[in-house]
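Report on the structure
Here is how the chains run, residue by residue.
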Amino acid sequence: MNILLLGGGGREHALAWKLAQSPLCTALFAAPGNPGIAEHAKLVDLDLEDHAAVAAFCAGQGIGLVVVGPEAPLVDGIADSLRAAGVPVFGPGKAAAQLEGSKGFTKDLRAEAGIPTARYVRCMSADEALAELVGFSLPVVIKADGLAAGKGVIIAETADDARAAIEDMFGGSFGASGAQVVLEEFMEGEEASFFALTDGTAIVAFGSAQDHKRVGDGDTGPNTGGMGAYSPASVLTPALEADVMTRIIEPTVATLAARGTPYSGVLFAGLMLTAQGPKLIEYNCRFGDPECEVLMMRLESDLVELLLAVAQGRLGAVPAPVLGQDTALTIVLAAKGYPGTPEKGAPIALPSAPEGARIFHAGTAHKDGALVANGGRVLAVTALGASVTQARDAAYALADKVDFPGGFCRRDIGWREVAREAALSAE
């Protein structure tokens, strides 16, 4: 089968690496791809906003499955256009992709479906948001309604910070994504991520992870798209996972189906584990980045078989995903200046990765025959281990061999679980 992968980041490199391993994959194409993805796929120049051109490429190459990596094409409706052309697609249609495309949409759906979440209000203007602000305790969470590459969330500790964030968002700092703003109650607890595959009817779990959004050690500094992650997240116990499926995932899928906009693809639930149980922070309509890197490192099943079954509406007829017992941990090497304006063009020299480790390309390019940084998050150095501590040690050992003077990384990825493991070993 010929497969087309859309996207060009670390998530897509991990997907390409796993898709290419399947015996069902005859040829893998990627648009736009990156130098790492080029090791597994033929890169093609396609404008992902030109749905007709993508559909024409699929027809010309006999594409039997399109895997959409990033959220923007899904929110733009690429899956609908390809399905209309008769091409099987892994990823939700435009209406269902609003789960990520509009935080207000998702909040309203949660209220309709009775899904546990924080109290919120949707605001259409700065004046309205400032007026509603007085009804929230501090700290308060302020979110740009639309897509903002993981950066449109501000946790305001003071009223002045909250007012500044509101004025900043409505002032255009996030473009059209900030045309509406959601004010949200701050939830206490530990965050975790849960993944499920669904074809709109059948639903299967696809593992858990915990990521690190803040740019600095100790979870300090501004939010980023993610500076590292590990999987599985032990705080999301089997009992809590069952609770998440029953009270969050299943009602979401059922509500969207009842609306006539069934969800097909991966549901990525960002959760807060509160004293009252798991509550939904947000949904993503695609695999996370860097969560995808650790999930793909653990996946033992045939990824093509799973994604094709979702695309064809027969997920219930194939075996459930099997993820290995080892922990996977990934460290993001970012370009100086990230999450602001990253410095591009810095040279990179990569070491050979040992068994059980991989270096996924996230923001790289070739220039004059050399590998250089070409984005904010540049590499995702990933390793397996029998524990989080062992996976962390292996990942940092490899990351420290990367010659990337224009980059930096956090030095404490997995710190919560490392501390828990240390406490258990000391007992």
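What you are looking at is a predicted structure, and each value in this text was computed from that prediction instead of being measured.

Reading the values: rules and limits
- Residues numbered from 1 in each chain as written.
- Predicted model: local features only at pLDDT ≥ 70, side-chain atom pairs only at ≥ 80, totals over all residues.
- Heavy atoms only, no water.
- Helix = DSSP H or I, 4+ residues; strand = E, 2+ residues; numbered from the N terminus.
- Buried < 20%, exposed > 50% of the residue type's maximum accessible area, 1.4 Å probe, protein only.
- Contact = heavy atoms within 4.5 Å.
- Areas by Shrake-Rupley, 256 points an atom, 1.4 Å probe, with all protein chains shown as cover.
- Lys, Arg positive; Asp, Glu negative; His and termini not counted.
- Charge placed at Lys NZ, Arg CZ, Asp CG, Glu CD.
- Pairing = 2+ DSSP bridges.
- Core = buried A, V, L, I, M, F, W, Y, C linked by side-chain atoms within 4.5 Å.
- Axes fitted to C-alpha atoms, helices over the stretch in contact; angles between N-to-C directions.
- Parallel < 35°, antiparallel > 145°, perpendicular 65-115°, else oblique.
- Nonpolar A, V, L, I, M, F, W, Y, C, P; charged D, E, K, R; others polar.
- Patch = residues over 30% accessible without salt bridge, like charges linked within 9 Å, V, L, I, M, F, W, Y side chains within 5 Å.
- Salt bridge = Lys/Arg side-chain N within 4 Å of Asp/Glu carboxyl O.

Quick look at the overall build of the chain
- Helix and strand content of the chain: 13 helices and 22 strands.
- Taken over the C-alpha atoms alone, the chain extends approximately 55 × 50 × 45 Å along its principal axes.
- Buried residues in the chain amount to 57% of all 427 residues.
- Considering only contacts in the chain between residues 6 or more positions apart, those separated by 24 or more positions represent 69%.
- Accessible surface, the chain as shown: approximately 16,200 Å² in total, 52% of it carbon and sulfur.
- Charge separation in the chain, taken as the distance between the mean sites of 32 positive and 51 negative side-chain charges, equals 1 Å.

Some words on the pairing of strand 14 (residues 228-231)
- The two faces of strand 14 match: Gly 228 and Tyr 230 on one face and Ala 229 and Ser 231 on the other face are all buried.
- Pairing between strand 11 (residues 203-211) and strand 14: two bridges, direction antiparallel. Across the sheet, residue Asp 211 finds its bridge partner in strand 14, namely Ala 229.
- The pairing of strand 14 with strand 17 (residues 327-335) spans four bridges and is classified as antiparallel. Across the sheet, the residue bridging to Ala 229 is Thr 330, located in strand 17.

Considering the nonpolar core
- The biggest cluster of nonpolar side chains holds 46 residues, and the ones touching the most others in it are Leu 4, Val 66, Leu 82, Ile 249 and Leu 271.
- Non-local contacts of Leu 82, meaning those with residues more than four positions away in its chain, are made with Val 54, Ala 55, Cys 58, Val 66, Val 87 and Val 89.
- Membership of the second largest hydrophobic core comes to 44 residues, among which are Leu 19, Leu 303, Val 304 and Val 318.

Here's the deal with unusual backbone geometry
- Cis geometry is adopted by the peptide bond preceding Pro 32, which originates at Ala 31 and carries an omega value of -5°.
- Mapping Pro 32 onto the fold places it in strand 2 (residues 27-32).
- Between Tyr 338 and Pro 339 the backbone carries a cis peptide bond, its omega angle lying at 10°.
- Mapped onto the fold, Pro 339 is located in the loop between strand 17 and strand 18 (357-361).

Remarks on the packing of helix 1 (residues 10-19) against helix 11 (residues 303-311)
- The geometry of helix 1 relative to helix 11 is characterised by a closest axis approach of 8 Å and an angle of 105° between their N-to-C directions. It follows from the interaxial angle that helix 1 and helix 11 lie roughly perpendicular. Only Leu 303, Val 304 and Leu 307 of helix 11 make contact with helix 1, whose side of the interface consists of Leu 15, Lys 18 and Leu 19.
- Counted by class, the contact of helix 1 with helix 11 contains five nonpolar, no polar and one charged residues.

Considerations on a negative patch on the surface
- The grouping of Asp 45, Asp 47, Glu 49, Asp 50 and Asp 76 at the surface amounts to a negative patch.
- Mapping Asp 76 onto the fold places it in the loop between helix 3 (71-75) and helix 4 (78-84).
- Here Asp 76 falls in the partly exposed class, since its relative accessible area comes to 36%.

Structural notes on the sheet that holds strand 1 (residues 2-7)
- Across the sheet, five strands lie side by side as 3-2-1-4-5; this open sheet has parallel pairing. Each edge of the open sheet carries a strand with a single partner, namely strand 3 (42-43) and strand 5 (89-90).
- Where strand 1 and strand 4 (residues 63-68) come together, five bridges link them in parallel fashion. When the sheet's bridge partners are listed, Leu 4 is paired in strand 4 with Val 66.
- This element, helix 11, spans strand 1, strand 4 and strand 5 of the sheet and lies at about 95° to strand 4.

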